[in-house]
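For reference, the chains in residue letters:
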Amino acid sequence: MMIESPDSFKKPELLVPAGDMEKLETALAYGADAVYVGLPRFGLRALAGNFTLRELVRARKITKQQGKRLYLALNAYLHPQETGEIEGFLEELRAIGPDAYIISDPGVLALAQKVDPGRELHLSTQANTTNAGAVEFWRRAGIRRVNLARELSLGEIKAIREKTEAELEVFVHGAMCVAYSGRCLLSAALAGRGANAGLCAQPCRWNYALVEETRPGQYFPLEEDERGSYIMNSRDLCLVEHLPDLIATGIDSLKIEGRMKSRYYVAAVTRVYRTALDAYCSDPRGYRFDPQWRQELEKVSHRPYDSGFLFPGERGKIHARDSLYRRSHDFVGVVLDILPDGRGIVQGRNRFYPGETLELIGPGMRQARFAVENLLAEDGRELPVMQPNATAIVVLPPGAQEGDLLRRERP
């Protein structure tokens, strides 16, 4: 389905995950308009790096200085004993002043309105909002923005847009749960870790086989695959090729999944969507999709890509082959500084050696391949290898900048 683009439209926000302070700074440098972060409690990524309150203060300062927005995820569903705790927590957060709270639980909504009135509130995809009536219900309850359920098609998104004044947000990239909008009970049932409290053990990625009641210990694969059966592995979402259609629906924010993903993932994915979004919005009629954008997204760790439910007749597909990610490149280093002579101080993230061919990537699709001539310690000694977390002086391609990343193609 192709939705005709209007002659005038609002450029949507690009919203990027930030699992910790380093990733937040990377997201902003590589083109995010806004970032969403979490704390150790009350979000749905309890095992991510997350922010301390002190780090959240710093994050708020950085985003304000750059004219960007900061959203805080408080989207866990609470049990009775947690409501008093989050009320006190909201008192502390009020002084920090994030641009919005992302919530799912109506009880958290009520507490946020009581403790921090006037704070912008966004509704998480966990609320599974699939129609305009539901959007309007939440808008009247005080929600400014709704992250729509992933189960919607383009036509359905457009139909909702036409019947509500609420801001609308959609996911455009990243992992999808077998319970697409995230309300999953498998982890609690099989591992005792509640996904709706941020502790998902991802049992949908486990290797399953069939056992007949009278034959204990005899495992029958559900498919003819010696590695077993992977019956609940949803594919990863990738909608970069469909941005014009999404923009034409009147959507307000395009969201990338991945608070638990790496700094390299944040950089590589953000720069592609930033470039594609800017290219379309600057010249809608002359816009052409660049195949390089999709090629670059193939270079981050992912399961097979899919367009989810975006088009009529399509349903989110299962990746039945295995539970492994595709991974063509390794993140091996980050440029900490550029010296007056143009060489860079590089911190290793994975081991690499003199003579290896690496690729430097930066914001705006800037990238260049180069051979590592040598590795020098700051006292001038030659190093035989770059170790993780070590630093060395490296001759980099012209135009390299602080914050650029280095990657290596896997054999």
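Refer to the structure presented above.
All of these numbers come straight from a predicted model, not from anything done at the bench. (Residues numbered from 1 in each chain as written. Predicted model: local features only at pLDDT ≥ 70, side-chain atom pairs only at ≥ 80, totals over all residues. Heavy atoms only, no water.)

Observations concerning the packing of helix H1 (residues 21–29) against helix H9 (residues 263–282)
Inference 1: Where H1 contacts H9, the two axes come as close as 9 Å, and the packing angle between them is 15°. Here H1 lies roughly parallel to H9, going by the angle between them. Handedness of the H1/H9 crossing: right-handed. Contacts between H1 and H9 pair Glu22, Lys23, Thr26 and Ala27 from the former with Arg263, Val266, Ala267 and Thr270 from the latter.
Inference 2: Here the contact of H1 with H9 is composed, by residue class, of 3 nonpolar, 2 polar and 3 charged. (Axes fitted to C-alpha atoms, helices over the stretch in contact; angles between N-to-C directions. Helix = DSSP H or I, 4+ residues; strand = E, 2+ residues; numbered from the N terminus. Parallel < 35°, antiparallel > 145°, perpendicular 65-115°, else oblique. Left-handed = near helix turned anticlockwise from the far one by under 90°. Contact = heavy atoms within 4.5 Å. Nonpolar A, V, L, I, M, F, W, Y, C, P; charged D, E, K, R; others polar.)

Notes on the sheet that holds strand S17 (residues 391–394)
Inference 1: Strand order in the open sheet made by the 6 strands is S16-S15-S18-S13-S14-S17, with antiparallel pairing throughout. A single partner strand is all that each edge strand has here, and the edge strands are strand S16 (366–371) and S17. Averaged over neighbouring strand pairs, the angle between their axes works out to 35° when direction is ignored.
Inference 2: Examined bridge by bridge, strand S14 (residues 344–348) and S17 share 4 bridges and lie antiparallel to one another. Pairing of Val346 across the sheet is with Ala392, part of S17.
Inference 3: Packed onto the sheet, H9 meets strand S13 (329–338), strand S15 (357–362), S16 and strand S18 (405–409) and runs at close to 95° relative to S18. (Pairing = 2+ DSSP bridges.)

Considering the pattern of salt bridges
Inference 1: Counting across every chain of the model gives 35 salt bridges.
Inference 2: Ionic pairing is found between Asp252 and Lys10, a salt bridge with its closest N-O pair at 3.2 Å. Of this pair, Asp252 sits in the loop between helix H8 (243–248) and strand S11 (253–256) while Lys10 sits in the segment before strand S1 (13–17), and the two are 242 residues apart along the sequence.
Inference 3: A salt bridge links Glu257 to Lys261; the nearest nitrogen and oxygen atoms lie 3.6 Å apart. Neither residue differs from the other here; Glu257 and Lys261 are each classed as buried.
Inference 4: Each of Glu13, Arg60, Arg69, Asp99, Glu120, Arg144, Arg145, Glu167, Glu169 and Lys255 takes part in one network of salt bridges that share partners. (Salt bridge = Lys/Arg side-chain N within 4 Å of Asp/Glu carboxyl O. Buried < 20%, exposed > 50% of the residue type's maximum accessible area, 1.4 Å probe, protein only.)

Quick word on helix H4 (residues 106–115)
Helical geometry: 3.6 residues make up each α-helical turn, so side chains three or four residues apart lie on a common side.
Inference 1: Listed in full, the buried residues belonging to H4 are Val108, Leu109, Leu111, Ala112 and Val115.
Inference 2: On its buried side, H4 packs onto strand S3 (69–74), helix H3 (80–96), strand S4 (100–103), strand S5 (120–123) and helix H5 (132–140).
Inference 3: Of the residues that open H4, the one with a side-chain oxygen 2.7 Å from the backbone nitrogen of Gly107 is Asp105. (Polar contact = N/O pair within 3.5 Å; in protein donor to acceptor, adjacent residues only side chain to side chain.)

Structural notes on the packing of aromatic side chains
Inference 1: Counted according to the given criterion, the structure contains 5 aromatic pairs.
Inference 2: When the ring of Tyr264 is compared with that of Phe331, the centres are 6.0 Å apart and the planes differ by 20°; the resulting orientation is stacked. Taken together, the residues Tyr264 in helix H9 and Phe331 in strand S13 connect sequence positions 67 residues apart.
Inference 3: Residue classification places Tyr264 among the buried residues on the basis of a relative accessible area of 4%.
Inference 4: Site record: aromatic cluster; members linked through ring pairs are Tyr280, Tyr287, Phe289 and Trp293.
Inference 5: For Arg150, the ring lying beneath its charged end belongs to Phe171, and the centroid distance is 3.9 Å.
Inference 6: Lying over the aromatic face of Tyr36, Lys255 brings its terminal NZ or CZ to 4.3 Å of the ring centre. (Phe/Tyr/Trp six-rings, centres within 6.5 Å; stacked < 30°, edge-to-face > 60°. Lys NZ or Arg CZ within 6 Å of the ring centre and 35° of its normal.)

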